[in-house]
Amino acid sequence: MAFRNIFVYPRYPENLEKLYVLAYDLWTTWNYDAIRLFYRVDAHLFQEARHNPVRLLLSLSQQRIDELAQDEGFLFELNEVWENYQEYMSYDPGTDAGRTKGLGADDIVAYFSMEFGLHECIPIYGGGLGILAGDFLKAASDMALRVIGVGLIYKYGYFTQRIDLDGMQEELFAEFDNHLIPVRELRDQRGEKAYIDMTILGAPLRVKLWEITIGRTHLILLDTDIEDNPTEFRDITHELYVADREKRLRQELVLGIGGVRALEALDIHPTIYHINEGHSAFLILARLRQLMAGGRLGFAEAKAMIRASTVFTTHTPVKAGNETFDLELVQKYLDSKAESFGVSFEDIAPYGLVGQEKKVFSLPAFAIRFASHVNAVSKLHRDVSRNMWASLYPNRQPQEIPIDYVTNGVHRSWLSQPFTELLNRHVGPAYVHCAGNRGLSDKIHEVPDEEIWEAHRKNKQNLVTFVRRKLARDLAAKGYIQTRIQDLTRLLHPEYLTVVYARRFARYKRATLVLKDKGRLAKILTSTTKPVQLLFAGKAHPADRSGKDMIREIITFAKDNHIEDRVIFLEDYDMNVARHLAWGADVWLNTPIRLNEASGTSGMKAAINGVLNCSVLDGWWPEAYDGKNGWAITAGQFYEHSELQETAEANQIYDLLEAVITELYYERSELGIPTAWVEMMRRSIATACRDFNMNRVLAEYSDKFYVPAKRQIGRLSADNHAALRKAVQGELSILEHWDKVAIRDVSTSVDKKDRVCKGERVEVRCTVDFAGAAPELFGVELYLSRSDSDGFRVLEMAGSAAEGSSRSYTCSFDIAEHGLLSMNVRVRPADLVLQDLHPELIKWAQ
């Protein structure tokens, strides 16, 4: 029997209509007045619903709905929140937002990501990548930038974590109902439910479209779990980061190709496509089809247009963490798709290959080769990424590899209510829409010590209450007797120094580094004069045995040493747990293997709330640490052997806890305030709020990538792509002659001098043999760099009259600084379009 399912919504009075509108906009999840309003509806139900306003309202009895409709105080508060909402939605960015600096009102950025962390009630995120993507959309709304997110909606989301009696992680996959979260079915122009059609392996696939509203921003989500599809296609969107490689490939085809088709179907025409990590790189194929349809553009021309309009952000600092598939599997799925727009898979495949590996297709490499605008997520990560992807840019010097950086930030929704009120009072609400405004952040230094400490004390007490309640629920679910639950839920003391480690449990993140010397750590924790308590939280990937073992090691350590009141592991790390930990910790511990952490936004969330970071100098921390706003773990940098590194770093952590951190924390003034500690908190807040807020991130993306991309697109599109077509006409001749082009007879005016001094003028000469190609197709350059600097200069060399197939070139420069100066001559395509299309075409003098 086939039953027709219809979701029935409650009937509500007209004067509560605003409440239901607010419930479906995630703006209410970070506006504390709106949150307080939903608590007023029914505090117990709101907590049980995981702060999900839609589930709350759909759980109300008709009696409670009628009571709210007659409650004058509630209606007054509802209208105040509504007016606040309307003011937010009508905000005019003026000169503050990126779109007024080159992006017009019609310029749309399509932001593709495998996961989005928007709120704990929408489990379509797994970790930091998703939280970053969610913060990105929230900040775009704050700044009135036209960003539209594109992702997948998962039937089971990411797994729910449970810890068994032996301390091992178990994974539960709980189905959630889309109708009970703040997401709506998208409608097409006729008012019908919106779908798109695509094919996988020649079989038809129907994809349903959903939408989440985030203030002024929208997120489009694709769903294959509908009755029209066969079973093997329905489960494509069941599980985030499914382990089965073929299912994962299908997911990413739906995200990339289906995402572009969804935008087409909704009549949305992005100016820029932003690929957040490699999972959505297959959108390139859909865009090739768009641009090459009907012979509009050839492959090289379409590639140039895609490169100009694509931003790719890499978040992975190690090659093993990048998304790759067996080439044969990719060919199985892409053969027919490539042929549909007139190219073969053999034409596409090389763009996903890296180095000598010919059997693995890399999605990040594919994205990089089709993007002119590539960035890492911290300055240090930029250097790591340039080294990682150097093989894609042969003959480039490391500092010239076109991978820039935009250091991540966090959205203001991670600022706790006490600190939100503090900033509103002392800084003013303007900080909501500003990015990196030093004048605003400097006002934080004027906030009195007692107000900062009182805000922190509230956060810490809230953390204690939250942890005790969560432990009670978790233990009751495991069948613990009530007396045991009461004993364990008295854990955590609000006055003890609280150190938190909360992030994904992976080997390189080294959660158990602090347990290296268990005896010494236990002594620190149980000090009678300066006690310390440790809170851990985080999930290990279901297939990561070493990550699970680290969780068990922590739990076993607490049991074996009878210090379960000082070492606590919180199950099922999600956004709600993260929020309370980042608000209420005293110290945020971060111990990755250096150069393995791309950014590390959890520390930023803690820092904006005055929590002090104690971290390895990796990711964002080298840019933030000033010696007075936290602590740097550096001892391991003096050793090459990993075991020696870990021992040195663990000992440094113990030294800091024993002699520095606890001393500062427990040293109180007559008013009971740790004055020196609060000063460090103040600097932490100022640094993080100014330099690591998500509005600054979006402003940098706009300045560095979006606006230049729009200009680049304009140049290539002008006069029916005239400049682009002209460049491509010269491409064949360059490629035909490239191997035979030779640079000879390079000399300088200082070659025979024993001593060269600052201020001297140097002349450089060379001859280039173009092997019969037109010299005008090539540019000859002098490259200058200093050994003690990342900077470099490129000087154009002037050519003389041609002598047969050769031409002489010269240029001169003044030596500006002393030290080791390196120089060489090189040849590249003269046309900037071809330089962008073929970054590999650089030939140096030998």
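As shown above, the structure is provided for reference.
Computed from a predicted model, the values in this text were never measured in an experiment. (Residues numbered from 1 in each chain as written. Predicted model: local features only at pLDDT ≥ 70, side-chain atom pairs only at ≥ 80, totals over all residues. Heavy atoms only, no water.)

Participant: Is there a simple way to explain the pairing of strand S18 (residues 587–590) in this structure?
Facilitator: Looking along a regular strand, one sees the side chains alternate between the two faces of the sheet. On S18, burial covers both faces: Val-587 and Leu-589 on one face and Trp-588 and Asn-590 on the other are all buried. Bridging between strand S15 (residues 497–502) and S18 involves 2 bridges; their strand directions are parallel. Across the sheet, Val-499 pairs through a bridge with Val-587, a residue of S18. In this structure, S18 lies alongside strand S19 (residues 612–616), joined through 4 bridges in parallel fashion. By the bridge assignment, Leu-589 is partnered in S19 with Cys-614. (Buried < 20%, exposed > 50% of the residue type's maximum accessible area, 1.4 Å probe, protein only. Helix = DSSP H or I, 4+ residues; strand = E, 2+ residues; numbered from the N terminus. Pairing = 2+ DSSP bridges.)

Participant: Sorry if this is basic, but what is going on with a nonpolar patch on the surface here?
Facilitator: There is a patch of nonpolar side chains on the surface, built from Phe-638, Tyr-639 and Leu-644 and spanning about 360 Å² of accessible area. Note on placement: Phe-638 falls in the loop between strand S20 (630–633) and helix H25 (642–666). (Patch = residues over 30% accessible without salt bridge, like charges linked within 9 Å, V, L, I, M, F, W, Y side chains within 5 Å. Areas by Shrake-Rupley, 256 points an atom, 1.4 Å probe, with all protein chains shown as cover. Salt bridge = Lys/Arg side-chain N within 4 Å of Asp/Glu carboxyl O.)

Participant: For this particular structure, what's the right way to read the environment of Cys-757?
Facilitator: Residue position: Cys-757 is located in the loop between strand S21 (742–748) and strand S22 (761–769). In this structure, the C-alpha to C-alpha distance between Cys-757 and Gln-712, residues 45 residues apart in sequence, is 41 Å.

Participant: In this structure, what is going on with the packing of aromatic side chains? I would like to understand it.
Facilitator: The geometry of an aromatic ring pair is captured by the separation of the ring centres together with the interplanar angle, meaning the angle of the planes. In the structure shown here, the tally under the stated rule is 34 aromatic pairs. Ring geometry for Trp-738 versus Phe-778: centroids 6.3 Å apart, planes at 20°, classification stacked. Of this pair, Trp-738 sits in the loop between helix H27 (694–737) and S21 while Phe-778 sits in strand S23 (residues 778–786), placing them 40 residues apart in sequence. In this structure, Trp-738 and Phe-778 share a single accessibility class: buried. A network of ring pairs unites the aromatic residues Tyr-111, Phe-116, Phe-136, Tyr-701, Phe-705 and Tyr-706 as a single cluster. (Phe/Tyr/Trp six-rings, centres within 6.5 Å; stacked < 30°, edge-to-face > 60°.)

Participant: What exactly am I supposed to notice about the nonpolar core here?
Facilitator: Nonpolar side chains tend to gather and get buried jointly when the protein is soluble and globular. Residues Phe-282, Leu-288 and Phe-366 are the most contacted members of the largest nonpolar core, which totals 186 residues. The next biggest cluster of nonpolar side chains, apart from the first, holds 98 residues, and it includes Ile-524, Ile-551, Ala-582 and Ala-607. (Core = buried A, V, L, I, M, F, W, Y, C linked by side-chain atoms within 4.5 Å.)

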